[in-house]
Structure formats: structure tokens, C-alpha cells
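For reference, the chains in residue letters:
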Amino acid sequence: MKKWIWTGENVTVRNHLHNTPKRPGQENRKRTASPLDVELTAGDRHPRLTRRDESDLNGYKKKALSSLIIVVVFFTAIITRLWYLQVERGEYYSRKADSNRVRSIEIAAPRGNIYDCKGREIVTNRPSFNVVWIRESNKINDDWLRHLTRLLRQDTTALLDKIRKMAGTPGHIPVRLAEDIDWETVARIENNRMHLPEIKIQVVPLRVYHYGNLASHLIGYMGEINKDELDKADKTLYRGGDLIGKMGLERLREHDLRGEKGHDNMEVNALGFEQQTLKGDEPMPGNDLHLTIDVELQKTAEEEMAANNRAGAVVMMEANTGRLLVLASAPELHLEEFVGGISQKAWKAMLDNPLHPLINKVVQGQYPPASTYKTITAFAGLAEGVITPDTPVFCPGSMRFGNRTYRCWKRGGHGSVSLRRALAESCDVYFYTVGLKLGVDRLAKYARMFGLGDKTGIEMEHEKPGIVPSSDWKRKRYNVKWHEGETLSVSIGQGYNLTTPLQVAQMTAVIANGGTLYKPAVVEKVINADGQVVNSFQPEVIARIPGQGRNLKRVREGMIDAVNSRRGTGREAQVDPQHGIIVGGKTGTAQVVRLAQYMHLREEDIPYKYRDHAWFTCFAPAVNPEVVVTVLVEHGLHGSSAAAPVAGKLLNRYFNDKFTEQHEKKPAQPTRSENRVALSHDMIADQEFMASEDSDNTGNHLHVETHGGQQQ
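Attention in this report is confined to the structure presented alongside it.

## Describing the pairing of strand S19 (residues 404–407)
The side chains of a regular strand alternate between the sheet's two faces.
Thinking step 1. As defined by bridge partners, strand S18 (residues 398–401) adjoins S19 across 4 bridges and the pair is classed as antiparallel. Across the sheet, the residue bridging to Arg400 is Thr405, located in S19.
Thinking step 2. Counted between consecutive antiparallel strands, the loop separating S18 from S19 contains 2 residues, among which Gly402 sits at a positive phi close to 65 degrees.

In C-alpha cells:
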């Protein structure tokens, strides 16, 4: 029994029953929480009840909750980490664990082969043996180094340089110490395996160039991947020491040619010695490239250019598809000097070579198109109506404009000439006159229609666009206005005009095929390791010139006379008469620089670098043209004597091969006279324009002058 006694504001409780024995079970009875606390007051033996402070209780609760959260987070982190290590990254760490006993060695994939248009091998592979050092847990010491240099017969400094070069790469990547070693060296290393367990022989495919440096600027070469290339490359595909395409198609088609690496797994003991071979995976060969290039024609072009140590370019293109049969830049590159890194001495020799072998002149060389551009001027004049095929222009040998005299190449002049004769004899005064009537902006418009002034889009590196000048171009480039006197130079392909040999070939193809501009192509098809065609070439039309078939025909007639008439400038390009093939073409002489001190010298006495460039571009046959050939000889002086003969040799080889193949397929062939008669009928019809051209009211018909039974 309890009694409550109130004393002021405090309540005092006396328990008279504190000595009373508790009833059974009373000890375990739970007491109801009271909002009052009991405490003793000073000087008073009786306890005092005070109000409980709830804030203290909440503080304890928060501490307990915080401790619980920390424990939960801690165990959650541990469980998550264990899941990450054992489930998410389990396979990775399993491989890491296996690496203690299993050594995985990459097997280089056989690189794809390169063939020409007739299936002849240009580039293939052969096995080669490289010496590599496995760096994992292996150290260099003097005895090891002396032993190795004696086996490889190499200088110690050279070996250390190769090792230092790989210092920044992961340790599991082997260091290549020697490449393409001979059988004797292989035998020495295998006999010393006990002393050099970390030195391995690695078998890798090596490129074989069956025609040496043929088409070197197109094919390119391979080399060891450098640090910059490795940083940019996909790390799953490339590692330090891998070979990669460095130039040409080897680089541009790297994704097709490289293939997929395989792996050879070996179980090793604690000393690194191989115990057994484990299951691996075989490499996947790269895709094969079949090019549009014909190696026999390519050889002919390069041999002709090399015969007189000429620099320049030769392009042969199918007129109606854009396929390139020849892409020759002279002089050729010596590819073996680039493999493994070119020496400073060899590099300096190439830079100092006046023939500039490092420049791919097919697409990087930019030259004034010279008289080959007169075909553009002629077509533009006809299309704009400023001339007709019969418009006469008198050529006295020069033309006075303003305070300057513009001369014709023929000092005595050509007399009265019309379009056809002007193209055949390349009369400068005629085209000065037409160019002035047109103006530079209209000339520029038509030049671009034929593909000049823009990159062709060919699959070659560092292509240049050339220059097609106009009044806007000069204002933006030099911040000055165009002068009419400059139009005279442009109209004959001089002045600011710049083109590449490939662009001139493309221009000639537009004239030959009747107005279609095709994108040039060098890859015919890509075939994978299973023999399936991955992709194949389809002619790609860039632009068309509609409704100008008649005017293009008139330009072709002038070009045919340039090769076949008595006074034509391109007679050296004629094909053997037995083939019955008529060629149409245009010569050009591009002035490099005019210096007064050299004007009265003989041409052979003029310093090489100041001599004019020689052009010749042509199509054949005259009826239904199949191919276009463009030749540029740097500092060759005259297109008629330096460039046209090269084109003639190439055309003769092309038609010889063609007629030989036809004879093998069809033994019974028309006689030579039957060919000539058929050709005459075809020339009157002139290609696919027969229906629209028969009503030509000019009365002009295609004719070829012959003398002594031979075409002139």
C-alpha cells in the first residue's frame, strides 16, 4: 500500500510496505513506464519524483539507429564487393589466377592478300620467325644479355634500345628482339632453351610483294605500330609490337586486311618452362582485296617512265565505269626501306631527290593543265553559243591585248582556223579569243562540270583538289579583282589553273563517254576467308552533263585529228594499225616559269627544274571509247615527244592483250580489212549519240587522214 504526500510543488512518496515480502511471480511482473523519475533531494531521505526528460531518450535512440545503419552499410558493402569480385568479375580473376600456370600467346592473323583485276597475286604472305622476350617476372642481367647477343649476333646497344622502347607497355606483352631470322638462328635458340626459357620463337606471317615496288604509292607498306597509333587504336585489336598498315591500301584497308588474332595456351611450371599445350583458338585470316589494276599494264607504264629516269604520273581509266587500270607515280618508292622504320640517311636522300619520289604525283602533284584544258574552253564556247564549229579565227602567231602581246606556240601562226583544226594543232590565239568571249567565271563553271577543282574521292591518301580560278576565288584569295588579261592565260590552261593527273583523266573520260562524271575506283571486290564476296565495285556517277552530246562529239573530233592528222600534235600516240584502233587525244606543255636568260638556250641546256611539264591525255577507240590514258612527265618539255609515246605504248599493250584474249575465246576473227570497214561505219555513227547526231546540220563528219596506208 502506497501513500502520496504532497509537499509544496514536489510530491513525496512513502512506501510503508517496502519491507513486505513480495508475492510469488511479482519479481517478473513488468512495470508500466512512468513519465516520472524518482530522485533523492538533498537533506531529505525521501525520494522525490521529477518529470522525465524525453530529449535524452531520443538522443539514445538516434545513436542506436545510427549504429545500426553503419553496421548494415558495412555488411552491404562487403556483400556487394564479394558479389562484384566473384560474380561480375569472376571470369576475369579466374583468368588472372590461371595466368600463374597458363601462358597465353597471341597468334598473328594471316593478312589478306591483294590481287589484280585478273586474279594475279600482287601481295601475299609467307611465314617468318621473330625472336621475342617474355618480360613477366624475368629480369635482365649481364650474363643473360651476353648470352643473348651471342645467339642473335646483334649489338648489345641495339637490343637494349628495343627493350627500352617497350618500357611503357604492360609486362605481359612480348618484346620483339629480332625479326625474320634465318633457320640457323632458329636452331641456336632452340638448342639453348634451358638457359633462356623466357626467349621464344614467334611465327608470324610476313608480306611478300611479288612485283617488287610495283604500284608502290597505291599498295603502300606495313610497319610496327608506334605509340601514337597504339593510343588511338582499339586495345582489343592491337598491342605493342603489332604490324599495321602505314601507307596506301595497306593503311586505308587495314580493317579489311588485318584479320582476327588467335591464341596459343601453354601450361608452365614455376620456372616458366612449358609443360603441356592447352586448348586455344585459331586466327581468322583477313579479307582479300581484288583491285581494278592490271599489273601488266602497270608494269608497262612504270617501265616506260623509268626508261629515261622520268618523274610524273600515268593514269589509265575505263571511260564508262571509272575503274582504274593503271595508277603509276614515278619514280617508284623502295618499300623495303620503310619496313621496320626508315633510316635518317635514306629519308634525307628521298627528300633531296629532285624527282620527289615521296610525292604520289597521281593525286598529290598539282600542275597547270596547259593545252589539255583547251577542250574545256572549246566545249564551253559551243555550249554558251559564243562560237560554232565553223567560226573562223585568224592566227598571225600572236595576239595583242592591252599593252601586252600574247603569243601562240607556233611563231608563224596558223592562219585562219576553226574549232576542229584549232584543237588538232592546239592554236593558242583561237582559244585566247574564245576565252575572252566567255570570261573566267563561265570557264570555271564548265571546268567544274568536268571534275576539275574538286577531289575525285579516290581511295588514295592526301589527294589535292587543284584550283579552278574565278573572279570570286581571286577576290577571296588575294583580295583583288580579276583582270581580263588573266582570262587569256586561263583559257589555254595556264595562269592560276592547277590540276592533278587523275583529274585530267577524269575530264577526258567525261568527253569520251558523252558527259558522265564517274568516281574513280581502285578496289574491284573484297572476299572473306570463306570465299564470299563482302562487297563489290559498282560504278558511281557523280554528275552528268545533259543535252550536250553534239558539242562533246565536236570536241572529240578535234582530239581525233590531233592524233591522226598530218599536223596533229599527238601522232606519237597512234596504235599499231593492225588493230584498226583510232585514238583521240590532246597534248599540252605546261610552263613552269619564264626566265629571260633561258629563252635563247637549247631546251636540253635549260636547268631541269625550269623546264616545262609535258601532258598528253587521250581516249580509244574513237568509237565507243573504252579507256582513257593520261600521262604527265615533269619537266618533259613537250607533250608530243615526252608524254604521247608513253600513252601509245600503253594503248598498244592494252589492245594486244584484249585481242589475244578474244582470239583465244573466238578463234574465228574478222580480217583486218573487215575491222577497218566496221570501224569506218562506227565512226560515222559515233557512239551512243547516233540517233540524235544524224541530223547534225553542220555537215561535219568524222574523218581520218591516212598516208601510205598508215594513220597519221
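Resuming the write-up.
## Points about the side chain of Asp288
Thinking step 1. With respect to the element layout, Asp288 can be found in strand S14 (residues 288–291).
Thinking step 2. For the buried residue Asp288, which engages in no salt bridge, the nearest side chain bearing the opposite charge is Arg207, 7.1 Å off.
Thinking step 3. Only 2.8 Å separates the side chain of Asp288 from the backbone nitrogen of Asn113, close enough to count as a polar contact.
Thinking step 4. Beyond its immediate chain neighbours, meaning those up to four positions away, Asp288 contacts Gly112, Asn113, Tyr115, Lys525, Val526 and Ile527.

## A few points about helix H16 (residues 471–478)
Thinking step 1. If you check which residues of H16 are buried, you get Ser471, Trp473 and Lys474. Mapping the buried residues of H16 onto a view down its axis gives an arc of 160 degrees, with all of them on the same face.

## A word on the nonpolar core
In summary, soluble globular proteins display a tendency toward joint burial of nonpolar side chains.
Thinking step 1. Judged by nonpolar contacts, the single largest core of 84 residues is most densely connected at Leu218, Leu291, Leu327, Tyr430 and Phe450.
Thinking step 2. Of all the elements, helix H18 (residues 501–513) adds the most residues to this core, at 8 residues.
Thinking step 3. The contact partners of Leu327, leaving out residues within four places of it in the chain, are Leu218, Ile293, Gln298, Val314, Val315, Val362, Ile458, Met460 and Val522.
Thinking step 4. Membership of the second largest hydrophobic core comes to 31 residues, among which are Met305, Val314, Ala573 and Val583.

## As for helix H15 (residues 440–449)
Thinking step 1. Taken residue by residue, H15 has Val440, Leu443, Ala444, Tyr446 and Ala447 as its buried positions.
Thinking step 2. Contact partners of the buried residues in H15: helix H12 (374–384), helix H14 (428–438), H16 and helix H17 (484–491).
Thinking step 3. Trailing H15 by a residue or two, Gly451 shows a phi angle of about 95 degrees, which is positive.

## Considerations on the sheet that holds strand S16 (residues 324–330)
Thinking step 1. The strand order across the open sheet built from 5 strands is S16-S15-S27-S26-S25, with neighbouring strands paired in antiparallel fashion. Since the sheet does not close on itself, it has two edges, and those belong to S16 and strand S25 (584–590), each with one partner. Averaged over all neighbouring strand pairs, the angle between strand axes comes to 5 degrees, with direction disregarded.
Thinking step 2. Two elements, strand S26 (residues 613–620) and strand S27 (residues 627–633), share 7 bridges in a ladder whose sense is antiparallel.

## Comments concerning the packing of aromatic side chains
Thinking step 1. For the structure shown, the criterion picks out 13 aromatic pairs.
Thinking step 2. Centre to centre, the rings of Tyr478 and Tyr496 are 5.8 Å apart; their planes meet at 35 degrees, and the pair counts as tilted. Residue Tyr478 is found in helix H16, and its partner Tyr496 is found in the loop between H17 and H18; the two are separated by 18 residues along the sequence.
Thinking step 3. Seen from their ring centres, Tyr654 and Phe655 are 4.9 Å apart, and the 85 degrees between their planes marks the pair as edge-to-face.

## Describing the environment of Ser640
Thinking step 1. For Ser640, the location among the structural elements is in helix H20 (residues 639–665).
Thinking step 2. For Ser640, a relative accessible area of 28% puts it in the partly exposed group.
Thinking step 3. Taking the C-alpha atoms as reference points, Ser640 and Thr569, 71 residues apart in sequence, are found 5.7 Å from one another.
Thinking step 4. When residues no more than four places from it in sequence are discounted, the contact partners of Ser640 are Thr569, Glu572, Thr587 and Pro645.

## Comments concerning a nonpolar patch on the surface
Thinking step 1. On the surface, Val71, Phe74, Phe75, Ile78, Ile79 and Leu82 cluster together to form a nonpolar patch covering roughly 570 Å² of accessible area.
Thinking step 2. Of note, Phe74 is situated in helix H1 (residues 54–88).

## Let's talk about the pattern of salt bridges
Thinking step 1. Counted by the stated rule, this structure contains 31 salt bridges.
Thinking step 2. A salt bridge links Lys118 to Glu661, with the nearest nitrogen and oxygen atoms 2.7 Å apart. With Lys118 in the loop between strand S6 (114–115) and strand S7 (121–133) and Glu661 in helix H20, the pair connects residues that are 543 residues apart, well separated along the chain.
Thinking step 3. A salt bridge links Glu459 to Arg253, with the nearest nitrogen and oxygen atoms 2.6 Å apart. Taken together, the positions of Glu459 in the loop between H15 and H16 and Arg253 in the loop between helix H8 (248–252) and helix H9 (254–257) put the pair 206 residues apart, joining distant regions of the chain.
Thinking step 4. Salt bridges linked by common partners bring Asp116, Lys118, Arg120, Asp294 and Glu661 together as one network.

The rules behind each value
- Every residue gets a number counted from 1 within its own chain, in the order that chain's sequence is written.
- Predicted model: local features are reported for residues with pLDDT of at least 70 only, side-chain atom pairs are reported and counted for 80 or more only, and whole-chain, interface and lining totals are derived from all residues.
- With hydrogens and water stripped out, all remaining heavy atoms of the structure feed into the side-chain values.
- Pairing between strands is defined by DSSP: at least two bridges between them are needed.
- Labels follow the DSSP assignment, with helices taken as runs of H or I lasting at least four residues and strands as runs of E lasting at least two, numbered in each case from the N terminus.
- Summary of the burial criterion: residues with accessible area below 20% of their type's maximum are buried, those above 50% are exposed, and those between are partly exposed, where the area comes from a 1.4 Å probe applied to protein chains only.
- Asp and Glu count as negative and Lys and Arg as positive, but His and the ends of the chain are not part of the count.
- A carboxyl oxygen of Asp or Glu within 4 Å of a side-chain nitrogen of Lys or Arg is what we treat as a salt bridge.
- For this analysis, a polar contact is any N or O atom pair within 3.5 Å, provided that within protein one partner can donate a hydrogen and the other can accept it, and provided that sequence-adjacent residues contribute only side-chain to side-chain pairs.
- Contacts: residue pairs with any heavy atoms within 4.5 Å of one another.
- Along the arc lie the directions from the helix axis toward the C-beta atoms.
- Nonpolar cores are built from buried Ala, Val, Leu, Ile, Met, Phe, Trp, Tyr and Cys residues. Side-chain atoms within 4.5 Å join them into one set.
- In this description, a line fitted to the C-alpha atoms serves as the axis of each element, helices being fitted only across the stretch in contact, and the angle between N-to-C directions of two axes falls anywhere from 0 to 180 degrees.
- Between the rings of Phe, Tyr and Trp (Trp by its six-membered ring), a pair exists once the centres lie within 6.5 Å; its type follows the angle of the planes, with under 30 degrees stacked, over 60 edge-to-face, and the other angles tilted.
- Patch construction takes residues with relative accessible area above 30% that form no salt bridge. Like charges are linked within 9 Å, and nonpolar side chains (Val, Leu, Ile, Met, Phe, Trp, Tyr) are linked within 5 Å.
- With residues, only the protein chains shown are counted as cover, and all accessible areas are computed by Shrake-Rupley using a 1.4 Å probe.

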